[in-house]
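Chain residues, written in single-letter form:
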Amino acid sequence: MTYERKKAILVISATLIIGILIGMLATGMFARQHYRGSRNGTGREDKGRLGFAQKIYSITQADETQKEKMKEIIESTTIGIDSLQHKTDREVKVLLDSMMVKIKPILNKEQFGHLESFAKSRSDHDRHHKKHK
């Protein structure tokens, strides 16, 4: 193998490795921003609340005076929506738990195991996404 060919293979290999490392780091960074919010500490929950308010302001094309007057109303509405969401989530959990108790005698052990596994994975999924909203 000639010197030029070895050099070309080395450059291509180094480029590939560097590209893979950059891809891994960029993916991690984007995932962190998606799930934990930006580096300035604004989490997704705050973004959601601010986004809701911004959407209302945008739809109504409110001026600054109107925005100030609307701010407290929007904040209290958002708190009410959050409270309702938490209450509903608890009620849904109770209903699903009740369903599991009623279904258990109908299914065999393997079938119920599959159902429990599904319910647990769903619960973990929901908990994960609530944490990152």
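Predicted, not measured: the structure shown is a model, and the values here were computed from it.

### As for the confidence of the model for the protein chain
Confidence in the prediction for the protein chain averages 83 pLDDT; 81% of positions are at 70 or higher. Within the protein chain, helix H4 (residues 109–131) has the poorest average pLDDT of any element, 75, and helix H3 (residues 64–103) the best, 91. Scored below 50 in pLDDT, residues 38–44 shows 13 contacts in the model against residues more than four places distant or in partner chains.

### Considering the pattern of salt bridges
Evaluated as defined, the whole model comprises 2 salt bridges. Note that Lys-67 is salt-bridged to Glu-64, the shortest N-O span being 3.5 Å. Within this pair, Lys-67 and its partner Glu-64 are both found in helix H3, separated by 3 residues, close to a single helical turn. The exposure class of Lys-67 is partly exposed, given its relative accessible area of 23%. Its relative accessible area of 57% is what places Glu-64 among the exposed residues.

### Remarks on the environment of Met-100
Tracing the chain through its elements places Met-100 in helix H3. Considering only alpha carbons, one finds Met-100 and Glu-116, 16 residues apart in sequence, at a separation of 8.2 Å. Dropping the residues within four chain positions of it, Met-100 is found in contact with Phe-112, Leu-115, Glu-116 and Ala-119.

### Looking at unusual backbone geometry
The residue Gln-61 is not glycine, and still its phi comes out positive at about 50 degrees. Given a relative accessible area of 69%, Gln-61 falls into the exposed group.

Reading the values: rules and limits
Residues numbered from 1 in each chain as written. Predicted model: local features only at pLDDT ≥ 70, side-chain atom pairs only at ≥ 80, totals over all residues. Heavy atoms only, no water. pLDDT = per-residue confidence, 0-100. Helix = DSSP H or I, 4+ residues; strand = E, 2+ residues; numbered from the N terminus. Contact = heavy atoms within 4.5 Å. Salt bridge = Lys/Arg side-chain N within 4 Å of Asp/Glu carboxyl O. Buried < 20%, exposed > 50% of the residue type's maximum accessible area, 1.4 Å probe, protein only.

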